[in-house]
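In case you want the letters, here they are:
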Amino acid sequence: WQSAFELSKLLANPDLIPKEERFVAEMLKVFEHSRYDDDRVRQYLALAMGRTGNRQFVPPLVAALKDEKEDNLYALIYSLGLFRDPDSASALYPFLDHSNPRVRLAAAMALGNSGEPQAAGKLQAALNDPEANVQWDAAIALAKLGSASGKGVLLELLDRSYLNKFPEVDPEEQNHVLLVALQAAASLKDPDIDRRIKELAQQDQNLKIRRAAMDLLPRH
């Protein structure tokens, strides 16, 4: 699994992604055999495939979802989201109702990246998910798809006092949540969201957040 991990790190650099068809064939062969290996091998191989952006890997990953181990589903679904492929969206819809909240979270994120407009309708129910982080990523995913139906959740995410209610979210994670929510929410060009962005630009305790909010203000 260490080798698969290193490969996934290596392929995060677009300049290091092999262009040869042989690479695709070898990756698919190793991925298929990874069913019988340490789960981490399969997870990191899926991530490596996603990072290539090569859509030849999409059908095998989609096919693998049908009988995949639950422990591996997050990695496979997350990786499918990296392709930003609308055609994979329908295969991800069932996982919004999965019993594992981490799988539901991955499905929401991947659908937000898919660019498939019809995914917005499927994401509506996730705004009421019992897990807060699934609600958060559903709202962000909807905004990425051009839907303001998660506006209420986004306004909460842009409020640090709300995030303070979750002690498991440390300050660094808070900043990450704010940055992601800012980028997604700003695209909606909603007056209530714009006011919240302006407040963050003027008042947030973190300089990086203030700068990010300021950079988004001229767009409105």
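Keep in mind that what you see is a predicted model, and the values were worked out from it rather than measured.

Peer 1: Teacher, can you tell me more about unusual backbone geometry here?
Peer 2: Most peptide bonds are trans, and most residues other than glycine sit at a negative phi. Phi is positive for R84, which is not a glycine, with a value near 50 degrees. Mapped onto the secondary structure, R84 falls in the loop between helix 5 (70-82) and helix 6 (89-92). With phi around 55 degrees, K189 is a residue other than glycine that occupies positive phi space. Within the secondary structure, K189 is located in the loop between helix 12 (171-186) and helix 13 (191-203).

Peer 1: Looking at this structure, how should I read the confidence of the model for the protein chain?
Peer 2: Detail in the predicted coordinates should be disregarded across regions flagged by low pLDDT. Averaged over every residue, the pLDDT of the protein chain is 95; the share at 70 or more is 99%. No element of the protein chain has a lower mean pLDDT than helix 1 (residues 2-10), which averages 94, and none a higher one than helix 7 (residues 101-114), which averages 98.

Peer 1: I keep staring at the side chain of H98 and nothing clicks. Help me out?
Peer 2: Within the secondary structure layout, H98 lies in the loop between helix 6 and helix 7. Leaving out residues up to four positions away in the same chain, H98 has contacts with E70, L73, V103 and R104.

Peer 1: Just to check I follow, could you spell out the packing of helix 1 against helix 3 (residues 39-52) for this structure?
Peer 2: Working note: a packed helix pair is described by the angle between its axes plus the distance between those axes. Running from N to C, helix 1 and helix 3 cross one another at 15 degrees; their axes reach a closest spacing of 8 Å. Taken together, helix 1 and helix 3 sit at an angle that is classed as roughly parallel. Relative to helix 3, helix 1 is oriented so that their crossing is left-handed. Between helix 1, through A4, F5, L7, S8 and K9, and helix 3, the contact on the second element is made entirely by V41, Y44, L45, L47, A48 and R51. Class assignment of the residues belonging to the contact of helix 1 with helix 3 gives a composition of 8 nonpolar, 1 polar and 2 charged.

Peer 1: I tried to follow the pattern of salt bridges on my own but got confused; where do I start?
Peer 2: Oppositely charged side chains can form a pair if their charged atoms are brought close together. Taken as a whole and assessed by the stated rule, the structure comprises 13 salt bridges. For R35, the salt bridge is made with D67, and the minimal N-O distance between the two is 3.5 Å. Of the two residues, R35 sits in the loop between helix 2 (21-33) and helix 3 while D67 sits in the loop between helix 4 (58-64) and helix 5, which places them 32 residues apart along the sequence. Residue R35 is classed as partly exposed on the basis of its relative accessible area, which comes to 26%. Residue classification places D67 among the exposed residues on the basis of a relative accessible area of 54%. Among the ionic pairs, D192 bridges to R195, the shortest N-O distance being 2.2 Å.

Peer 1: Is there a simple way to explain the packing of aromatic side chains in this structure?
Peer 2: Remark: the centre distance and the inter-plane angle together describe each pair of aromatic rings, the angle taken between the planes. Summed over the entire model, instances satisfying the criterion amount to 7 aromatic pairs. An angle of 65 degrees between the planes, with centres 5.0 Å apart, marks the rings of F5 and Y44 as edge-to-face. Placement of F5 in helix 1 and of Y44 in helix 3 is noted, with a sequence separation of 39 residues between them. You can call F5 partly exposed: its relative accessible area is 29%. Classification of Y44 as partly exposed rests on a relative accessible area of 23%.

Cut-off values and rules
Residues numbered from 1 in each chain as written. Predicted model: local features only at pLDDT ≥ 70, side-chain atom pairs only at ≥ 80, totals over all residues. Heavy atoms only, no water. Helix = DSSP H or I, 4+ residues; strand = E, 2+ residues; numbered from the N terminus. pLDDT = per-residue confidence, 0-100. Contact = heavy atoms within 4.5 Å. Axes fitted to C-alpha atoms, helices over the stretch in contact; angles between N-to-C directions. Parallel < 35°, antiparallel > 145°, perpendicular 65-115°, else oblique. Left-handed = near helix turned anticlockwise from the far one by under 90°. Nonpolar A, V, L, I, M, F, W, Y, C, P; charged D, E, K, R; others polar. Salt bridge = Lys/Arg side-chain N within 4 Å of Asp/Glu carboxyl O. Buried < 20%, exposed > 50% of the residue type's maximum accessible area, 1.4 Å probe, protein only. Phe/Tyr/Trp six-rings, centres within 6.5 Å; stacked < 30°, edge-to-face > 60°.

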